[in-house]
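# Examination of the molecular architecture
Listed below, chain by chain, are the residues.
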Amino acid sequence: MAKAQVKRGSVQADQTVFALDIGTRSIIGMVGVVEEGKVKILAIEREEHAERAMIDGQIENIEKVSVLADKVKKRLESRLDIQLSRVCVAAAGRALRTRRAEFELELPRTQTIDEEVISRLEAGAISRAEEVFNEEKEAQGDSRRFYLAGYTVCQYYLDQYGMMSLKDHRGRKVKVDLIATFLPSEVVESLYTTMNKIGLEVASITLEPIAAINAAIPENLRLLNLVMVDIGAGTSDIAACTGGSVAGYTMATVAGDEITEAVMKEYLVDFGTAERIKAQINEGKEITFSDILGIEHKVTREEVFQCIESVSGILCREISEKIVEVNGGAPSALFLAGGGSKLAGLRDGLAAALKMDVNRVAIAGNYFQASAFSDEYDLNNPEYATPLGIAVSAGLNMINDSFRVILNGKPAKLFRSGSFTALNLLMMNGYGFRDIMGRPGGNIAVTVNGQRKVFYGTASEPASLSINGKEGKLSQIIQAGDSIDFVPAKAGVPAKAYLGDIEGAATCREITLNGEYAFLETPLKNGDVIVIKLANEENEEEEEKKEDKIQRKEKNGPEEKAAIKVAEEEQKTDGRRVSVPVERETAEALGRETVQKQQERSIQWQETEPAEKKEMESYQQEKVPAKQEETELGHQKAKLRKLLFYLNDSLITLPQKEDGSPYYLMDMIEYSGIDLKNPQGNIRLTVNKSQAMFQQALSEGDRIEIMVEKRTS
């Protein structure tokens, strides 16, 4: 069939998909348009690196890479007579880190599974993956900044049955198994910087192994256990699929460059010459070349193959080990992609290392037509796996990061595959669970006369999420062109309390803090122990002593009677303490110890005139600080406006918010005793016996349940 030429000026730039594969050995650019569910490739351009500006798929020299990328871009623009401004790229496999995690939720009853439940489920699994990843980083002393680049769902479960999708199904127990991917910030930033230098905006970014498998293995084949290996110059990216979805991806640090370097050392040639020798092995002809000394050589295919046999064996062993690691064993079939897949003897070597039938190891390309076609080019080329995969993934919305989304007035960073919700967007752009859920101010719990007393911090201000000017939900699917505004939750103010805030502290007879006397303005902290004796308790003690002394009066001897007489004289003064003279004879009768006690009491409680008493009371009032008076007034006001709730069958009262806004279910987490970040089971949320969400507003009198259910094995 004759190849058709694309008519210049017939394509609109805003209708095209521009994919750029920035590889270790070359840069390949493709431009296509979507037609009838496939990507039609209109133009392909390729440029080889003159110098080693890329190492193992990572940009080392931004300036040199940007110059070469600009050549590819300009040639494509000239061929199609358009101006390209947006580009789709992929991050190299060398730098990615993956962690697999599971998370299970048990709902309060059998119900329809909606997007909100799925969002909560996936967020829980991501949180676990992040915790494991961060712990490993700290243990290794890795101080680099990583962030979540996305995640791939491997499997959903509904009441223990495996499912491809949970949406709109009915059940009670739901579970997800996913792979979270993390990238160092420098990997992504180098891609963004390189593209910006040539006037291109990054419209989408994905991972190279995911892009390659999207081109090489269509979704209808993923029920089989298949593995794709994209062997480039610097790395070999590996992706495995089974059960209808991608099950894992990784990379090997060996690839085509190791073979090239072996040829360089054997024949004393430069890198370019070694690459040409390697490429001619499959041609079966005698290979002619000159070494760096100018000496001409002629070698046979068998001689070159023997030269690289040892290194090729190492390559096959390392790739096969990684395949077994990510797939759990040899796959049903193996697809080889990338320029390195053409290396002579590679198919046989990998089949032997994996103990597979060599007929089950194939060069990728046969299934490219399932998602892409071209009137101009033959796409059945394993080197096109990654650039074609980038174009297909973006053009067919296999990754939603091809969309342009504005977050708080700026383009959001989007790099992931699969469904795309507001929760995904926030987490990929640096927001954490505390920004989304909020945190109430810390409480202060003390013990007063053996009873626990809590001073509560203020509730957090809930986060605000709007999508295109309307109130949004975390589970809401983000569409192309959406504008999202997000105000993070504001943490509540921690409680502040002073010794003088203890009820009765200002008028008590005695108060101690942790066994010692302290000023009323002393700040309280968690765990403080306060012992307070109130003034009315003193009167009660005196009445008890009086009764006791009267009962003992007739039974006591002279010494005790004299002491009782002193006490009775004191009591005749209507509460005023007076000095009672003690005669020498009485002193001798009572003994030195009794006299000393009576004299001390006499000196301590001299009679106070009314005017002096007023002055003393005034002085005591002045000792109470103004801050304490304000605190007491604040507490009096708070007592007048308490709100009552039932939390886990216990009554809880909270101060009404100053702005009159309601409490939210998320506010109650602090009082439930549950560590949301590290739950020991599945968290069940209900309000008035109905399933609830963290952002649900509460009404006074609501019956709230926040419980952790133990995970079943």
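Below: a short report on this structure. As the structure is a computational prediction, the values presented were derived from the model and not from experiment. (Residues numbered from 1 in each chain as written. Predicted model: local features only at pLDDT ≥ 70, side-chain atom pairs only at ≥ 80, totals over all residues. Heavy atoms only, no water.)

## Brief notes about the side chain of serine 312
Relative to the helices and strands, serine 312 is located in helix α7 (residues 301–327). Beyond its immediate sequence surroundings of up to four residues, serine 312 is in contact with Ile259 and Leu343. (Helix = DSSP H or I, 4+ residues; strand = E, 2+ residues; numbered from the N terminus. Contact = heavy atoms within 4.5 Å.)

## Observations regarding the sheet that holds strand β27 (residues 510–513)
The 5 strands are arranged β23-β22-β29-β27-β28 in an open sheet whose pairing can be described as mixed. Unpaired on one side and paired on the other, β23 (451–455) and β28 (516–517) mark the two borders of the sheet. Pairing between β27 and strand β29 (residues 529–533): 4 bridges, direction antiparallel. Across the sheet, leucine 513 pairs through a bridge with isoleucine 530, a residue of β29. (Pairing = 2+ DSSP bridges.)

## Overview of helix α6 (residues 271–279)
Every α-helix winds through 3.6 residues per turn, so residues three or four apart in the chain are directed the same way. Inspection of α6 places Phe271, Thr273, Ala274, Ile277 and Lys278 among the buried residues, and these make up the whole buried set. Buried positions in α6, seen along its axis, are confined to an arc of 160 degrees and lie on one side of it. Facing away from the buried side of α6 by over 90 degrees, the exposed positions are Arg276 and Ala279. Looking at the buried residues of α6, the elements they touch are α5 (256–267), β15 (287–290) and α7. The N-cap residue of α6 is aspartate 270: its side-chain oxygen and the backbone nitrogen of glycine 272 are 3.3 Å apart. (Buried < 20%, exposed > 50% of the residue type's maximum accessible area, 1.4 Å probe, protein only. Arc of directions from axis to C-beta. Polar contact = N/O pair within 3.5 Å; in protein donor to acceptor, adjacent residues only side chain to side chain.)

## Some thoughts on a nonpolar patch on the surface
On the surface, Leu268, Ile292, Leu293 and Ile295 cluster together to form a nonpolar patch covering roughly 400 Å² of accessible area. Within the element layout of this structure, leucine 268 appears in the loop between α5 and α6. Judged by relative accessible area, leucine 268 falls into the partly exposed class, the value being 40%. (Patch = residues over 30% accessible without salt bridge, like charges linked within 9 Å, V, L, I, M, F, W, Y side chains within 5 Å. Areas by Shrake-Rupley, 256 points an atom, 1.4 Å probe, with all protein chains shown as cover. Salt bridge = Lys/Arg side-chain N within 4 Å of Asp/Glu carboxyl O.)

## Structural notes on the sheet that holds strand β14 (residues 245–252)
Taken together, the 5 strands give an open sheet; going across it, the order is β14-β13-β12-β17-β18, and neighbouring strands pair in mixed fashion. With one partner strand each, in any of the chains shown, β14 and β18 (361–363) form the two edges of the open sheet. Strand-to-strand twist in this sheet, taken as the mean axis angle between neighbours without regard to direction, amounts to 20 degrees. With 7 bridges connecting them, strand β13 (residues 236–242) and β14 associate as antiparallel partners. The partner of threonine 242 across the bridge, within β14, is serine 245. (Axes fitted to C-alpha atoms, helices over the stretch in contact; angles between N-to-C directions.)

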